[in-house]
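Here is what each chain is made of, one letter per residue.
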Amino acid sequence: DTAVSQTPKYLVTQMGNDKSIKCEQNLGHDTMYWYKQDSKKFLKIMFSYNNKELIINETVPNRFSPKSPDKAHLNLHINSLELGDSAVYFCASSQGSYSYEQYFGPGTRLTVT
Amino acid sequence: GQSLEQPSEVTAVEGAIVQINCTYQTSGFYGLSWYQQHDGGAPTFLSYNALDGLEETGRFSSFLSRSDSYGYLLLQELQMKDSASYFCVSNQAGTALIFGKGTTLSVSS
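Here's what I pulled together on the structure shown here. (Residues numbered from 1 in each chain as written. Chains lettered and ligands numbered in written order. Predicted model: local features only at pLDDT ≥ 70, side-chain atom pairs only at ≥ 80, totals over all residues. Heavy atoms only, no water.)

### What about the pairing of strand β6 (residues 53-57) of chain A?
Residue and element names in this part refer to chain A. Across 4 bridges, strand β5 (residues 43-50) lies against β6 in antiparallel orientation. Residue pairing across strands places Tyr49 opposite Leu54, the latter belonging to β6. A loop of 2 residues connects β5 with β6, the two strands running antiparallel in sequence, and Asn51 in this loop sits at a positive phi of about 50°. (Pairing = 2+ DSSP bridges. Helix = DSSP H or I, 4+ residues; strand = E, 2+ residues; numbered from the N terminus.)

### With respect to the state of the cysteines
One pass over the structure, following the stated rule, counts 2 disulfides over all chains. Bridging Cys23(A) to Cys91(A), the disulfide has an S-S length of 1.9 Å. What sets the handedness of the Cys23(A) and Cys91(A) disulfide is the S-S torsion sign, and at about -75° it is left-handed. Here the residue Cys23(A) occupies a position in strand β3 (residues 19-25), and Cys91(A) occupies one in strand β9 (residues 87-94), the gap between them amounting to 68 residues. We classify Cys23(A) as buried; its relative accessible area is 1%. Put simply, Cys22(B) and Cys88(B) are joined by a disulfide, and their sulfur atoms are 2.1 Å apart. The sign of the S-S torsion, about 70°, decides the handedness of the disulfide formed by Cys22(B) and Cys88(B): right-handed. Of the two residues, Cys22(B) sits in strand β3 (residues 18-25) while Cys88(B) sits in strand β9 (residues 84-92), which places them 66 residues apart along the sequence. Judged by its relative accessible area of 0%, Cys88(B) is buried. (Disulfide = S-S within 2.5 Å. Buried < 20%, exposed > 50% of the residue type's maximum accessible area, 1.4 Å probe, protein only.)

What follows is the structure in structure tokens.
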């Protein structure tokens, strides 16, 4: 059983489109995260939810909107995609907020053309 | 600002020992973690140090000196499968983890 899963694994789309990435964890964790990893492998937090409540909202364009329908799911919707949004997006989960031990999903490679 | 510094690349041969250093400047520091990421893969947690000293987990060990704001990851008996990126990560009070820029380790035969 996959602990943290994301769909889709690859996403190729054109500028201006809207897309969503879904994440699910079956570890029973109460906190989930979205990270962005750029082409230089720099990994940066975007958002975090604890029990469906937003607890981290870094400086991210408001074209990015997370949504957590329950504590096992965290989705990311991106409006009006731009070239600079091309990156790998990782979902992660942990037991407890801000935990040092986080479990990452396989990533979604987003390419905007 | 908050930052972590680590070498960008390290190379070694199979069977060798390699040390990846990390210095940090973060406020509200709790501890230092290390994550491994293979090309095309997800980051995976390796170790965590909250207190000064050495933590050993099999071939991997991690060290922390809070007074020096310094830590390192020590990999022994290197294997080809250890070729990956290694991130030092700062855990601090009430905020998100901060990742270093990663060190790419290349192990050759």
